[in-house]
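Secondary and tertiary structure notes
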Amino acid sequence: MKPLDLGMIGNNSEESLQQILDNICAQFNLDYAAYAGVNTIDNSIHGVVNYPDAWKEHYVEQGFQDIDPTLAMAAKSVGVVDWTRLQKINGFRKVFL
């Protein structure tokens, strides 16, 4: 898999980041995918997911963004987050089980 140049996504691209996530899921037989980027100046997180709308609404209503270990791990890494490593971290069971 070649690296994804997010600078190429936007007005000049026919493929949105949402579509790219859908393609990645299809290629690797995944249910869903997420992309998050962290602005290290103001510590804000920006991202996109292809999760169902009902899950996204539930996630925000429950405040899961404040305890989600996948976000914490993503903020510390430039690589893919391996969820199997997160299952013992506080918050994982509350968010995902």
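Before reading further, recall that the structure is shown in the block above.
Below or above, wherever it landed, is the structure these notes cover. (Residues numbered from 1 in each chain as written. Predicted model: local features only at pLDDT ≥ 70, side-chain atom pairs only at ≥ 80, totals over all residues. Heavy atoms only, no water.)

Focus on the side chain of aspartate 68
As for its position among the elements, aspartate 68 is in the loop between α2 (53–61) and α3 (69–75). Take aspartate 68: its relative accessible area is 5%, and that puts it in the buried class. Within polar-contact distance, the side chain of aspartate 68 engages the side chain of threonine 70 at 2.5 Å. Leave out the neighbours within four places in its chain, and aspartate 68 touches Tyr59, Val95 and Phe96. (Helix = DSSP H or I, 4+ residues; strand = E, 2+ residues; numbered from the N terminus. Buried < 20%, exposed > 50% of the residue type's maximum accessible area, 1.4 Å probe, protein only. Polar contact = N/O pair within 3.5 Å; in protein donor to acceptor, adjacent residues only side chain to side chain. Contact = heavy atoms within 4.5 Å.)

Quick word on the pattern of salt bridges
Scanning the model with the defined rule gives one salt bridge in all. Across the pair aspartate 53 and lysine 56 runs a salt bridge whose closest N-O atoms are separated by 3.2 Å. Placement of both aspartate 53 and lysine 56 in helix α2 is noted, with a separation of three residues, approximately one turn of the helix. Overall, the relative accessible area of 52% leaves aspartate 53 in the exposed class. For lysine 56, a relative accessible area of 30% puts it in the partly exposed group. (Salt bridge = Lys/Arg side-chain N within 4 Å of Asp/Glu carboxyl O.)

Considerations on the environment of asparagine 90
Among the secondary structure elements, asparagine 90 is positioned in the loop between α3 and α4 (92–96). When sequence neighbours within four positions are dropped, the list of residues in contact with asparagine 90 reads Ile67 and Pro69.

What to know about the side chain of threonine 70
As for its position among the elements, threonine 70 is in helix α3. Relative accessible area serves as the criterion here: at 11%, threonine 70 is assigned to the buried category. Other than its neighbours up to four places away in sequence, threonine 70 contacts Val81, Trp83, Leu86 and Phe96.

Brief notes about unusual backbone geometry
Even without a glycine there, the phi angle at asparagine 29 is positive, about 55°. One can find asparagine 29 in the loop between α1 (17–28) and β1 (34–39). What makes asparagine 29 exposed here is its relative accessible area of 71%.

Structural notes on α1
End to end, α1 covers 16 Å across 12 residues, agreeing with the expected 16 Å (1.5 Å per residue, within 8%). Within the sequence span of α1, burial applies to Leu17, Ile20, Leu21 and Cys25. Viewed end-on, α1 has its buried residues packed into an arc of 140°, placing them on one side of the element. More than 90 degrees from the buried face of α1, the exposed residues found are Ala26 and Gln27. Within two residues after α1, asparagine 29 carries a phi angle of roughly 55°, on the positive side. (Expected span 1.5 Å × (residues − 1). Arc of directions from axis to C-beta.)

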